[in-house]
Amino acid sequence: MKGKLYIVATPIGNLDDITLRAINTLKQVDIIIAEDTRHSLKLLNHLEITKPLISYHRHNEETKSDVLIEKLQEGQNIALVSDAGTPGICDPGEVIKKCIELGIKIIPIPGACAMINSLICSGIDTKEFTFLGFLPLNKKLRKKKLEEIEKSNKTIIIYEAPHKLETTLNDLKKILGEERML
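This section reports on the structure supplied with the text. Worth saying up front: this structure is predicted, and the values here are computed from it rather than measured.

**Comments concerning the nonpolar core**
Right, so step 1: Y6, V8, I18, L26, I32, L47 and A79 are the most contacted members of the largest nonpolar core, which has 17 residues in total.
Right, so step 2: Of all the secondary structure elements, the ones that give two or more residues to this core are β1 (5–8), α1 (20–28), β2 (31–34), α2 (37–46), β4 (78–81) and β5 (106–109).
Right, so step 3: Tallying contributions element by element places α1 first for this core, with 3 residues.
Right, so step 4: When near neighbours in sequence (up to four residues on either side) are disregarded, Y6 contacts T25, V29, N77, I78, A79, L80, I107 and I109.
Right, so step 5: Core analysis: the second largest hydrophobic core is formed by 15 residues, I33, Y56, L72 and L80 among them.

Okay, structure coming up:
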């Protein structure tokens, strides 16, 4: 019998912002795969959960996905967690795609999601919005994406790393003007 892959949302900031279902899932799985095992270990220690942790991030997802699929096919249950929020949203997702292809059951365990939390606290229109994730690093692709933002009349949500925030805000200010920015 194949194992299951649980996509477990983790807290953003406050370690107590985790669902009971997420805690129970993390206690019951055989393995936890994490973007940064050092970061996830803080949460697991807080919850007094001891499980094997496997590092799974953008730089190793190609090689690790096959190993994880093998463990799932052996019948082991695995929880995928990110550093904060919902895994698969701007996080490695190769193992999810492979599970779908192979008919391995995927079970989402909902919880915190930075995009949604930011939107609901913003006071801006939530009826229709576009989520673009991180803007491309490539200058040509970035320019194209910024032009797409400029033409949109919907609420646009993007992610940005703290050390790149000022540059991105300046880029957006140039194309949108202050009045269109929140």
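That was the structure; now back to the text.
**Details of the packing of helix α6 (residues 139–151) against helix α7 (residues 165–176)**
Right, so step 1: Two elements in contact, α6 and α7, have axes separated by 10 Å at closest approach and are oriented at 50 degrees. Here α6 is positioned oblique relative to α7, judged by the angle of their axes. Both α6 and α7 take part in a crossing whose hand is right-handed. Note on element contacts: α7 touches α6 through T168, D171, L172, I175 and L176, opposite R142, L146, I149 and E150.
Right, so step 2: A class-by-class count of the residues in the contact of α6 with α7 yields 5 nonpolar, 1 polar and 3 charged.

Conventions and cut-offs
Counting of residues starts from 1 at the beginning of each chain's written sequence and follows it residue by residue. Given that this is a predicted model, residues contribute local features only at a pLDDT of at least 70 and side-chain atom pairs are listed and counted only at 80 or more, while totals for whole chains, interfaces and linings are drawn from all residues. Hydrogens and water are ignored here; the side-chain numbers use all heavy atoms of the structure. Put simply, a nonpolar core is a bunch of buried Ala, Val, Leu, Ile, Met, Phe, Trp, Tyr and Cys residues held in one set by side-chain atoms that sit within 4.5 Å of each other. Note on classification: 1.4 Å probe, protein chains only; a residue is buried when its accessible area is under 20% of the maximum for its type, exposed when over 50%, partly exposed between these limits. Only runs of H or I of at least four residues qualify as helices and only runs of E of at least two qualify as strands under DSSP, and these elements are numbered from the N terminus. Every residue pair with non-hydrogen atoms within 4.5 Å of one another is taken to be in contact. Angular values range over 0 to 180 degrees, each being the angle between N-to-C directions of two axes fitted as lines to C-alpha atoms, with helices fitted over their stretch in contact. Throughout, the term roughly parallel applies to angles under 35 degrees, roughly antiparallel to angles over 145, roughly perpendicular to angles from 65 to 115, and oblique to all others. Working rule for handedness: look at the near helix, and if it is turned counterclockwise from the far one by less than a right angle, call the crossing left-handed; if clockwise, right-handed. Each residue receives one of three labels: charged for Asp, Glu, Lys and Arg, nonpolar for Ala, Val, Leu, Ile, Met, Phe, Trp, Tyr, Cys and Pro, and polar for the others, Gly being one of them.

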